[in-house]
Amino acid sequence: MEPSDATAVAQVRAGNPDAYRVLVERHSRSVFRLAFRMTGNEQDAEDLVQETFLRAYRQIGKFDGRASFSTWLYRIAANCSLDLIRVRKRRQEQQTPVNEEGEELAGAVAAADPTPDRLAFSGELKELLRPAIEHLSPMERTAFVLRHYEGMCIEEIGRALGVNTGAAKHSVFRAVQKLRRALEPALSSASS
Amino acid sequence: MKHLNQDELVLHYYGEHADPAVAQHLADCEDCRAHLESLTRVLDAMDDLEVPEPSDAYGSRVWQRLAPELAPSPARWWAGWFAPRRLVAAAAMAALLIGAFLAGKVSERRQMAGLSAPVRERILLVAVGEHLDRSQMILVELVNNESKGPVDISEEQQRAEDLIGENRLYRQAALKSGDRAMSSVLDELERVLLDIAHSPSKLDAAGLEQIRKQIEGQGILFKIRVVSANLREREVPPARGKAGTI
Ligand SMILES: [Zn+2]
């Protein structure tokens, strides 16, 4: 029988790096999904999976067992992803000055093309989702992914990202507001 | 009760609203129900965001790549460094220090001797961290460039060129202090930077793809992130990490 997460963690901490294998094999797919939702790119997501497990391994002495291992791991993954998309964003902004608040969102999504008509027929609303997420600020994106896809509550998101609950809440709200502005026109035309 | 605002509805959608008055209001108010409905449509639509499903073998592939990294690491030349990173933003200073160190100019050595060893080391680490950040940006930018037609990479080349000299100094310093992990990453990075600097500045899709393959093939971005993360780990005392570290 495979050891539980807690047992494997204890073995790793006792100096057996091979015990980490169980944890990697058990959780890498869900870390990949998180990383992919954050970056939208398979190569990046794979790199982030590696980096997450490496950081987690090095910090395993700090894991206090209050949260589950997977929650702790997702926190690390979220922070690794946040680091990466911040670097990207900074770089992007140096190239094309973008409004901090991402107000160009609607325009950018429109540029991703599908006209409402085409949408209604082809049902390719899906194609709008990625660009809509890409235009959230790094913090908004991270908070939204954790809330919406990982089911973390806002308080937990704040703890994970090292910000207070108010700031985490604000990031989720802003994310939803932007997504709504970007997607609602297409949605209402698709359903009418 | 006045109408619910969007934030309240978002909390309600995610089941984070404990206030029973909200549910009551929704039951009574058609406007707010309609508002919630359209919000729900948007958020439900987000569930369709596509994610490739990793194969069953994915976990063991990750492990195979990871396992060699888990060996106990040798003492690092930056061990013990935990001052805020931006304390000294001094790439130039560091270059001077290393330059003096390697070239051994007596006057500069004397100047350097005025600084304590930890201060010298800290300056060096800050500079290396920033150097890695800047290099990473160039590589990421090239890897992510999805243009199909010809692209002009002369700006990236100029930046790569600027980084090569610095890179060489850091690599030599790392080598001298016996940090093989760092020096080998810097060595690979140097080769990639050289290739970028020396390729034609107008690239067609195939040329760009070739550079991209080279960057990705060596896994250099990942290696940079790992050594940078090691540097950063020593940057803040572990107690209350900021966003970006745990
Ligand atoms: Zn109402």
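Keep in mind the model is a prediction, meaning the values are calculated, not measured.

Rules of the game
Residues numbered from 1 in each chain as written. Chains lettered and ligands numbered in written order. Predicted model: local features only at pLDDT ≥ 70, side-chain atom pairs only at ≥ 80, totals over all residues. Heavy atoms only, no water. Helix = DSSP H or I, 4+ residues; strand = E, 2+ residues; numbered from the N terminus. Buried < 20%, exposed > 50% of the residue type's maximum accessible area, 1.4 Å probe, protein only. Contact = heavy atoms within 4.5 Å. Areas by Shrake-Rupley, 256 points an atom, 1.4 Å probe, with all protein chains shown as cover. Salt bridge = Lys/Arg side-chain N within 4 Å of Asp/Glu carboxyl O. Buried area = accessible area lost by both parts, 1.4 Å probe. Nonpolar A, V, L, I, M, F, W, Y, C, P; charged D, E, K, R; others polar. Phe/Tyr/Trp six-rings, centres within 6.5 Å; stacked < 30°, edge-to-face > 60°.

The number of helices and strands found in chain B is 11 helices and two strands. Reading chain B from its N end, one meets helices and strands in the order α-α-α-α-α-α-α-β-α-α-β-α-α. Expressed as a percentage of the 246 residues in chain B, the buried residues total 43%. Taking all contacts inside chain B whose residues are at least 6 apart in sequence as the whole, residues at least 24 apart take part in 74%. Taken as a whole, chain B presents about 12,600 Å² of accessible surface, with 54% of it coming from carbon and sulfur.

Where side chains of opposite charge bring their charged atoms close, a pairing between them can arise. Per the counting criterion, the structure on display carries 33 salt bridges over all chains. In this structure, Asp47(A) and Arg65(B) form a salt bridge, with 3.6 Å as the shortest nitrogen-oxygen distance. Placement of the pair is Asp47(A) in helix H3 (residues 42-58) and Arg65(B) in helix H4 (residues 58-66), with the two residues belonging to separate chains. Its relative accessible area of 37% is what places Arg65(B) among the partly exposed residues. Linking Arg225(B) and Asp47(A) is a salt bridge whose minimum nitrogen-to-oxygen distance equals 3.4 Å. In this pair, Arg225(B) sits in helix H11 (residues 220-233) while Asp47(A) sits in helix H3, so the two residues belong to two different chains. A relative accessible area of 6% places Asp47(A) in the buried class.

Contacts between chain B and chain A engage 59 residues on the former and 68 residues on the latter. Approximately 5,900 Å² of surface area, both sides summed, lies buried where chain B meets chain A, with 59% of it carried by carbon and sulfur atoms. Across the chain B-chain A interface, the total number found is eight salt bridges. For Arg33(A), the salt bridge goes to Glu53(B), with nearest N and O atoms at 2.8 Å. Of all the secondary-structure elements, those providing two or more residues to the side of chain B that touches chain A are helix H1 (6-13), helix H3 (30-45), H4, helix H7 (117-144), helix H8 (154-176) and H11 of chain B. Its residues assigned to classes, the side of chain B that touches chain A shows 26 nonpolar, 12 polar and 21 charged.

Attention shifts here to the packing of aromatic side chains. Two numbers describe a pair of aromatic rings. These are the distance of the centres and the angle of the planes. Residues and elements named next belong to chain A. A complete count under the given rule lists nine aromatic pairs over all chains for this structure. For the ring pair Phe63 and Trp72, a centre distance of 5.0 Å and an interplane angle of 50° mean the geometry is tilted. Plain terms: the ring middles of Phe144 and Tyr149 are 6.1 Å apart, the flat faces sit at 85° to each other, and that makes the pair edge-to-face. Its relative accessible area of 16% is what places Tyr149 among the buried residues. The structure contains a cluster of three or more aromatic residues connected by ring pairs, namely Tyr20, Phe53 and Tyr57.

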